[in-house]
Amino acid sequence: MKKIYSLFLIFFISYVSIAQNLQSPDEKLGYTLGDKFTFHHQVVDYFNYLADNSDQIILKKYGETYEGRPLYYAIISSRENIAQLDKIQSQNLAQTGLSGKLNGTAEKAVVWLSYNIHGNEASSTEASMKTAYELLSGGMQSEEWLKNTVVIMDPCVNPDGRDRYATFYRQYGAKNFNPNLDVVEHNEPWPGGRPNHYLFDLNRDWAWQTQKESKARMKVYHEWMPHIHVDFHEQSINSPYYFAPAAEPLHEVITDWQKDFQIEIGQNHAKYFDENNWLYFTRERFDLFYPSYGDTYPTFNGAIGMTYEQAGNGRAGLGALTNLGDTLTLKDRLEHHYTTGMSTIEIASQNAEKLNSEFKKYFTRNINNPQDPFKTYVVKWDEDRKDDLNTLVDFLKDQKIEVEQVGEKQKFSGYSYFKRKQVNFESSEKDLVISAYQPKSTLIQALFDPKPEYSDSLTYDITAWAIPYAYGLETFGLKNKISSEPVLRLQFDKENLPSTYAYAVRWESFNSAQFLAAVLKKNIKVRISYKNLKFNNKEFGKGSLIITQTNNEQIENLNEELTKLSNQFEIDIYPISSGFADRIYDIGSSEIQFLEAPKIAVLMDEGVSSLAYGEIWHFFEQSLDYPIHSIRVNSFDGINISDYDMIILPSGSYSNLSEEGITRLDEFVKSGGKIIAMGSAISLFSDKEKGQLKTKKVEVSTMPLALYENAERKRLSSSIFGAIYEVQLDNSHPLAFGLGNQYFSLKTSGKAFEYLPKGWNVGIIKSNDSHIAGFAGYKAKEQQLNSMVFGVEAIGGGEVIYLQDDPLFRAFWHQGKMLFANALFMVGND
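Anyway, here's the lowdown on the structure attached to this text. (Residues numbered from 1 in each chain as written. Predicted model: local features only at pLDDT ≥ 70, side-chain atom pairs only at ≥ 80, totals over all residues. Heavy atoms only, no water.)

Okay, helix α3 (residues 40-53) next. For α3, built from 14 residues, the straight-helix expectation of 20 Å at 1.5 Å per residue is met to within 8% by its first-to-last C-alpha distance of 20 Å. Turning to α3, its buried residues number three or more, namely His40, Gln42, Val43, Val44, Tyr46, Phe47, Tyr49 and Leu50. (Helix = DSSP H or I, 4+ residues; strand = E, 2+ residues; numbered from the N terminus. Expected span 1.5 Å × (residues − 1). Buried < 20%, exposed > 50% of the residue type's maximum accessible area, 1.4 Å probe, protein only.)

This brings us to the packing of aromatic side chains. Applying the stated criterion across every chain, the model contains 58 aromatic pairs. Note on Trp190 and Tyr613: the rings are 6.0 Å apart at their centroids and 55 degrees apart in plane angle, and the pair reads as tilted. In this pair, Trp190 is assigned in the loop between α8 (159-172) and α9 (212-224) and Tyr613 in helix α19 (residues 610-624), connecting sequence segments 423 residues apart. When the ring of Tyr290 is compared with that of Tyr293, the centres are 5.1 Å apart and the planes differ by 80 degrees; the resulting orientation is edge-to-face. Here Tyr290 and Tyr293 have matching classes, each one buried. The residue whose ring lies beneath Arg217 is Trp206, and the NZ or CZ to ring-centre distance is 4.2 Å. (Phe/Tyr/Trp six-rings, centres within 6.5 Å; stacked < 30°, edge-to-face > 60°. Lys NZ or Arg CZ within 6 Å of the ring centre and 35° of its normal.)

If you walk across this open sheet you meet the five strands as β25-β20-β24-β21-β26, and the pairing is antiparallel. The two strands at the open ends of the sheet, each matched to only one other strand, are β25 (574-576) and β26 (592-595). The mean angle between the axes of side-by-side strands here comes to 30 degrees, regardless of whether they run parallel or antiparallel. Bridge count for strand β21 (residues 526-529) against strand β24 (residues 545-548) is two bridges, and the pairing is antiparallel. Bridging from a neighbouring strand, Ile528 pairs with Leu545 of β24. Relative to β24, helix α17 (residues 510-521) is tilted by about 30 degrees, and along the sheet it contacts β20 (502-505), β21, β24 and β26. (Pairing = 2+ DSSP bridges. Axes fitted to C-alpha atoms, helices over the stretch in contact; angles between N-to-C directions. Contact = heavy atoms within 4.5 Å.)

All right, on to the environment of Ser590 then. By the secondary structure assignment, Ser590 is in the loop between β25 and β26. Residue Ser590 is classed as exposed on the basis of its relative accessible area, which comes to 58%. When the C-alpha positions of Ser590 and Phe47 are compared, they lie 65 Å apart, and in sequence the two are 543 residues distant.

Below is the structure:
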């Protein structure tokens, strides 16, 4: 008995010793939290220190950023829970059905806290260190909470953005912070610390997972599937703290339980904020509608997803003067985030049993009784679009969404996304089937919803995003469950092509564009067909690529090189044994033009939207893999413009572009250059005295006198918040090659342009029925009617391509990649 008591005493003393001997962040860093912005490597070092000195925390690396910074998450709980963590994790996954048959009920609450997804909203990472230390030291009764709660912490979701901001502030911050907002330490240079390396907003990428950080994080997220997820943010300096419950509109898939528990969490936070006389607000501004936020995506995956917003952001620095004359400090900001983080863990612990029972109920309902009015989605298989269809399958699998195929020809009745009405159709064996009877049913409904219903038009982001429109794939929503079979995806492994006269590649998917970019980088000469061709009884549409032995003699074993590229991009290459076509036009026709690899400049920096530039940068480096030359707007006057074949102008005001720069752009086009003007950059060419392009004006009848309280809503009448429009394409024009005559465009601006009187109006809106989904004010709708969306204007010897809508929006609008590739390679070569 004495031995047992002695062992217990030794264990207890060791436990107390470890807790007492853990160094706080202040002690380990050598400065008080809030006195400096801590660099990411220091944050990692501190969490490594905690993991090395406590048996209540496990630190795991889950990836790296584009700039090579490591991504870590920490798991904190009681010793008993840490010892059986694998069991807790498997029990939690079992009640979702994602790891197999749905069974069992877990006992532990799982809370995931995500910090600093916007790099210059930097207080939360500071708070993460204090939170971790206090949890391991028993602060605020956390020893009791951790008995039935597992806390997962991602201390810095966006290390590249954070260090960009921290470096800026360390460089320009005064020795003793200056709260005057006029001074340099409160004014970041372009692009600011908010985005990641490619200037993407990672808090809009949860569902799309286009960024390296998002892909890595979501892999781990799906391995855990937390019950509660908190995304820590910052807002304007003069705003009180925001926490749940969320504002309207709330997406219709959100359950009553999820809404009610947000209220319970908010009330618990309010208790602490009231005690400290801290101001806060709820149920305003931050809605739960767009599915790719750090609050909505977890919500659509069964969790209680929430955003917490502290006053601050990149302008706040270490201390900033508010409009009330108070000084908001970094210490204040991190304390507020620390408090809501701990309060969230507390309320989760108090409701662990209920969280688990509701979590299991959520997935049981998804599997057995999905609420989606469509019980099955059928995506039509098209051999010409097989690359895009395979890309869609990969995307859905990353979401843990099960995809099968019809397996045999059948006749169905369903809602046609393209025709926007109920139709009868016949399936093919390869048509894809996404059943609503699966764990991710709610997420499927949110992502495929053809026309999301919103209770309030005052929303924080885009209001339409349906996957069938983003991919441009005909889809049908069926109200019944159908039988299906596993997807049969054969390994693409082509044998060596024969050495022959020429080779043809159809221009039918973005894989074709990737193949073309690779061919050009290898200095393989390629031609583009501007007419429909027929060789060996095979049809090749406009835009098809022709590679001949002639002019490629410098490429040793051309057939073997092309075979490698064929397998790399899963592209079919067709050998052509003779230049004599089955019908007009032969290989030597002037309608098949040689393409010279374009040297492309992209303008960036002040006056250019960092998000717009980032999309283009990411597209070229991570999707197309083709070189560009990024040039600062302020340097444009000094470059030799004749070195470039093409200039891309991302959306922006171009306020820093000089008059000389504008003149140089005009001269560049007239001398044979090509310009792609996107979004608001089109204003550089519109409404000029001698120009063709005119902004569309709509006269609206006199309205009754407006009430002041409705002023914000009145402004919405001319706005469009990410609405989907059907755009009619002139697919005889190179800008529309490979796209057919119908394109679904995501429109984020109410601005519209008249038809070009002498140019090519390649994409137009010509019907009141063109508006498919999403919010568009009545004035904005009138403006869109009979407007040009995509156009090409010849100026002198060159051309300007106008892309009013962004085809690369957040890198998830897949159909737009082909349109943009056409602008790069197809336009201007015929």
